[in-house]
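Residue strings, one per chain:
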Amino acid sequence: MLRTILSITGKPGLFRLISQGGRMLLVEDIVSKKRMPVHSRDKVVSLGDIAMYTEGEDKPLGEILDLVYANMNGAKIDVKAMDNDGLREKFGEILPDFDRERVYPSDIKKLFSWYNLLVDAGMTKFAAEAADATEAPAEAAE
């Protein structure tokens, strides 16, 4: 599921990939459902390709979002009410081994904002669905 959810530099929110053509993508805002083209000059990142630094191996974003969802019991996080120390403290409760030197408060704030958008859009399972999507083509090849 996270493979088709995109972040586009310069545009607020998250977008679902609808289709792609030669030099553009057609995306849909996950909350408002408004569709728009995204051209090749725009920087687009799939949430499925993002990981965060930990003291051990990097942790995929889908697994972290599942941890956030479990910690918050599906409730949204009030990001605006937290300062930098509050963001680090809350993220430390969710992922105790995150790399405190390489993960900045702005990264945590963006993660929590994305989590809120995904919950608003009715998405509640992140890593499990991403694993199912990557396993299906492998099974078909066998």
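What counts and how
- Residues numbered from 1 in each chain as written.
- Predicted model: local features only at pLDDT ≥ 70, side-chain atom pairs only at ≥ 80, totals over all residues.
- Heavy atoms only, no water.
- Helix = DSSP H or I, 4+ residues; strand = E, 2+ residues; numbered from the N terminus.
- Buried < 20%, exposed > 50% of the residue type's maximum accessible area, 1.4 Å probe, protein only.
- Contact = heavy atoms within 4.5 Å.
- Areas by Shrake-Rupley, 256 points an atom, 1.4 Å probe, with all protein chains shown as cover.
- pLDDT = per-residue confidence, 0-100.
- Core = buried A, V, L, I, M, F, W, Y, C linked by side-chain atoms within 4.5 Å.
- Axes fitted to C-alpha atoms, helices over the stretch in contact; angles between N-to-C directions.
- Left-handed = near helix turned anticlockwise from the far one by under 90°.
- Nonpolar A, V, L, I, M, F, W, Y, C, P; charged D, E, K, R; others polar.

1. Some thoughts on the overall build of the chain
Across its full length, the chain holds four helices and seven strands. Listing each helix as α and each strand as β along the chain from the N terminus yields β-β-β-β-β-β-β-α-α-α-α. For the chain, the residues scored as buried account for 32% of the 142 residues in total. Put simply, of all contacts in the chain between residues at least 6 apart along the chain, 55% involve residues at least 24 apart. Accessible surface, the chain as shown: approximately 8500 Å² in total, 49% of it carbon and sulfur.

2. Here's the deal with the confidence of the model for the chain
Of the residues in the chain, 89% have a pLDDT of 70 or more, and the chain-wide mean is 88. In this model residues 129-142 is a low-confidence stretch, pLDDT under 50, and it forms three contacts with partners more than four residues away in sequence or in other chains.

3. As for the nonpolar core
One broad trend across soluble globular proteins is that nonpolar side chains are buried collectively. Ranked by internal contacts, the top residues of the largest apolar core, which has 29 residues, are Val 68, Phe 91, Leu 111, Phe 112 and Leu 118. Top contributing element to this core by residue count: helix H3 (residues 105-120), with seven residues. Not counting residues within four places of it along the chain, the set of residues in contact with Leu 118 comprises Leu 2, Ile 5, Leu 14, Ile 30, Leu 47, Leu 65, Met 123 and Phe 126. Within the second largest apolar cluster, five residues are counted, among which are Leu 6, Ile 8, Phe 15 and Val 27.

4. Considering helix H2 (residues 84-94)
All of the buried residues along H2 are Leu 87, Lys 90, Phe 91, Gly 92 and Ile 94. Where H2 is buried, its residues touch strand S6 (51-52), helix H1 (61-72) and H3.

5. Looking at the packing of H2 against H3
Orientation of H2 relative to H3, taken along the N-to-C sense of each, is 65°, at an axis distance of 9 Å. Two packed elements cross with a definite hand, and for H2 against H3 that hand is left-handed. Counting all contacts with H2, which are made through Asn 84, Leu 87, Arg 88, Lys 90, Phe 91 and Ile 94, the residues of H3 involved are Pro 105, Ile 108, Lys 109, Leu 111 and Phe 112. Among the residues forming the contact of H2 with H3, the class breakdown is seven nonpolar, one polar and three charged.

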